[in-house]
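Residue-level structure breakdown
Each chain is listed here by its residues.
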Amino acid sequence: MHSYRIAVIPGDGVGAEISEEAVRILNTAADIHGFSVATETFDWSCDRYLETGEMMPGDALDTLGAFDAIFLGSIGDAGKVADHISLDMLLTIRKGFDQYVNLRPIKLYPGVATPIRTATPETVDILVIRENTEGEYADNGGFFKRGTPDAFALQTGIFTWKGCERAFRYGFEAARKRAKLGTGEKVGRVTNCTKSNALNYSMVFWDEAYAYVAKDFPDIETDMALVDAISMWFIKNPQWFDVVVASNLFGDIITDLGSMLQGGMGFAAGGNINPEKIYPSMFEPIHGSAPKYTGKRIVNPIASIEAVRMMLEHLDEEEAGSHVQQAVMSTLAAGEVRTRDMGGTNTTDEVGAAVEQAMRASA
Ligand code: IPM
Ligand code: MG
């Protein structure tokens, strides 16, 4: 029997309650699909920072390195620790484990309401590949002459050829695998999310990497749009998009927008992937920690459950992954158990239990 070691970092705010539902579904999948899971929970959080002066211990990456995958609840509580300090933990793991792909599917499941009129289960099926280790998040810069009238700050984006190329290559390969456009001459489409009309070094370079990689994928349609225009087109014509490859910051922004196409932040999950599997990958809901809702058990656990689904797929437990997805879809389609964001009154754990129930009923 295959056995997986999974690190769980609940984090701050509602992180604990959604992590419980993630672990519930992980254990259910293991039960049904004949593998075993050993989870270990780490209390790395703002509370830990207040006690010890650090979010996570200095050897955190060594510790996590022994796991097959990581589930992250949510980090940050600005009332306790400034966000740029607490969230550094997230960015350190992404960079330290070379999780250079941030996989963010945008899919609207039947039964889920969205405020966007163009969004239907038929029109919304997009995969955003966000470059996840460099670009605008490269952590390069400084404050100068601080506290004087001549103060200034510098924040420099770093775009390496290797970094751009591998993000695009992953995107093209994903499009080939999805084959969203069917079996014609072009089986998929990769949209390059750029801003090379204004960012005349970084994004021109980024476009060059896109064109270079595209040459190896004659079966994939090429497409390019400026990030501001993509924000408009996501709403106006979501069905156009198949795979979108974006830099770190642009990918961050368009996936919050994309979450509204899929019904809101309660549904949006992401995987921080090290494709070579040299390091563990990390899966998380893309929403924040919502400290004001802590312990109220009102937040939607579907995003976290979807993160578990992505984790299972990454671990090559394809059957278990698709079973989780089926159960999520049937629960949402039935519409009987709904958290507040879905217009219901059920608690976080009631929704998690409903998905578990759906899995057991269809095992
Ligand atoms: C995300 C988040 C993070 C990011 C923040 C919390 C640093 O918004 O995962 O999308 O910008 O990457
Ligand atoms: Mg974000």
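Residues numbered from 1 in each chain as written. Chains lettered and ligands numbered in written order. Predicted model: local features only at pLDDT ≥ 70, side-chain atom pairs only at ≥ 80, totals over all residues. Heavy atoms only, no water.

Turning our eyes to something else, we now look at the pairing of strand β5 (residues 125-131). Within β5, 6 of the 7 residues are buried, which leaves it mostly tucked inside the rest of the structure. The pairing of strand β4 (residues 101-107) with β5 spans 7 bridges and is antiparallel. Bridge assignment links P105 to a residue of β5, and that residue is L127. Taken together, the 4 bridges between β5 and strand β10 (residues 243-246) define a ladder with parallel strand orientation. Among the inter-strand pairings, L127 is bridged to a residue of β10, identified as V243. (Buried < 20%, exposed > 50% of the residue type's maximum accessible area, 1.4 Å probe, protein only. Helix = DSSP H or I, 4+ residues; strand = E, 2+ residues; numbered from the N terminus. Pairing = 2+ DSSP bridges.)

What the 10 strands build is an open sheet, ordered β2-β1-β3-β12-β11-β4-β5-β10-β8-β9; its pairing is mixed. Either end of the sheet is taken by a strand with one partner, and the two such strands are β2 (35-41) and β9 (220-226). Going across the sheet, the axis of each strand differs from the next one's by a mean of 25 degrees, ignoring polarity. Here 5 bridges tie strand β1 (residues 2-11) to strand β3 (residues 69-74), and the two strands are oriented parallel to one another. Residue pairing in the sheet places I9 in a bridge with L72 of β3. Here helix α7 (residues 202-214) sits on the sheet in contact with β5, β8 (188-194), β9 and β10, set at roughly 165 degrees to β8. (Axes fitted to C-alpha atoms, helices over the stretch in contact; angles between N-to-C directions. Contact = heavy atoms within 4.5 Å.)

Its place among the elements puts V204 in helix α7. Residue V204 is classed as partly exposed on the basis of its relative accessible area, which comes to 31%. V204 sits 10 residues away from T194 along the chain, and the two C-alpha atoms are 8.5 Å apart. If we ignore the near neighbours within four places in the chain, the residues touching V204 are S196 and L199.

On to the domain arrangement of the protein, then. As assigned here, the protein comprises domain 1 (1-100 + 299-363) and domain 2 (115-261). Measuring from the centre of the C-alpha atoms in domain 1 to the corresponding centre in domain 2 gives 26 Å. Interface of domain 1 and domain 2: buried area, both sides summed, is about 760 Å²; carbon and sulfur atoms make up 48% of it. Considering only the surface of domain 1 that becomes buried against domain 2, R94, K95 and Y100 emerge as the three largest contributors, covering 75% of it. The interface formed by domain 1 and domain 2 contains 1 salt bridge. Residue D98 is joined to R166 by a salt bridge in which the shortest nitrogen-to-oxygen separation is 2.9 Å. (Domains from an automatic or database assignment. Buried area = accessible area lost by both parts, 1.4 Å probe. Salt bridge = Lys/Arg side-chain N within 4 Å of Asp/Glu carboxyl O.)

Here the focus is the site of ligand 1. The full set of residues close to ligand 1 is L87, R94, R104, R130, Y137 and D252. Between ligand 1 and R94, the relevant distance is 2.7 Å, taken from an oxygen atom to a side-chain nitrogen or oxygen of the residue. Here R104 contributes a side-chain N or O atom positioned 2.8 Å from an oxygen atom of ligand 1. With the chains in place, 76% of the 320 Å² that ligand 1 exposes on its own is no longer accessible. The residue makeup of the shell around ligand 1, split by class, is 2 nonpolar, no polar and 4 charged. (Near = heavy atom within 4 Å. Polar contact = N/O pair within 3.5 Å; in protein donor to acceptor, adjacent residues only side chain to side chain. Areas by Shrake-Rupley, 256 points an atom, 1.4 Å probe, with all protein chains shown as cover. Nonpolar A, V, L, I, M, F, W, Y, C, P; charged D, E, K, R; others polar.)

Now for a nonpolar patch on the surface. A cluster of nonpolar side chains, F144, F152 and L154, forms an exposed patch at the surface whose accessible area comes to about 270 Å². Within the element layout of this structure, F152 appears in strand β7 (residues 152-155). The exposure class assigned to F152 is partly exposed, which follows from its relative accessible area of 40%. (Patch = residues over 30% accessible without salt bridge, like charges linked within 9 Å, V, L, I, M, F, W, Y side chains within 5 Å.)

Counting residues in each nonpolar core, the largest one holds 79 residues, and the members touching the most others are I6, F234, V244 and I254. Here this core takes 7 residues from helix α10 (residues 302-314), the largest share from any one element. Apart from residues no more than four positions distant in its own chain, I254 is found in contact with V128, C193, V227, I230, S231, F234, V244 and A246. M55, I70, I75 and L90 belong to the second-largest nonpolar core, a separate cluster that totals 19 residues. (Core = buried A, V, L, I, M, F, W, Y, C linked by side-chain atoms within 4.5 Å.)

We now examine unusual backbone geometry. Phi at K277 takes a positive value of approximately 60 degrees, unusual for a residue other than glycine. On the secondary structure map, K277 appears in the loop between β11 (269-273) and β12 (281-285). For K277, a relative accessible area of 43% corresponds to the partly exposed category.

This brings us to the environment of A167. Structurally, the position occupied by A167 is in helix α6 (residues 161-178). Residue classification places A167 among the buried positions, given a relative accessible area of 0%. Through-space distance from the C-alpha of A167 to that of Y210 is 9.1 Å; in sequence the pair is 43 residues apart. If sequence neighbours within four positions are ignored, A167 has contacts with I129, E131 and V245.

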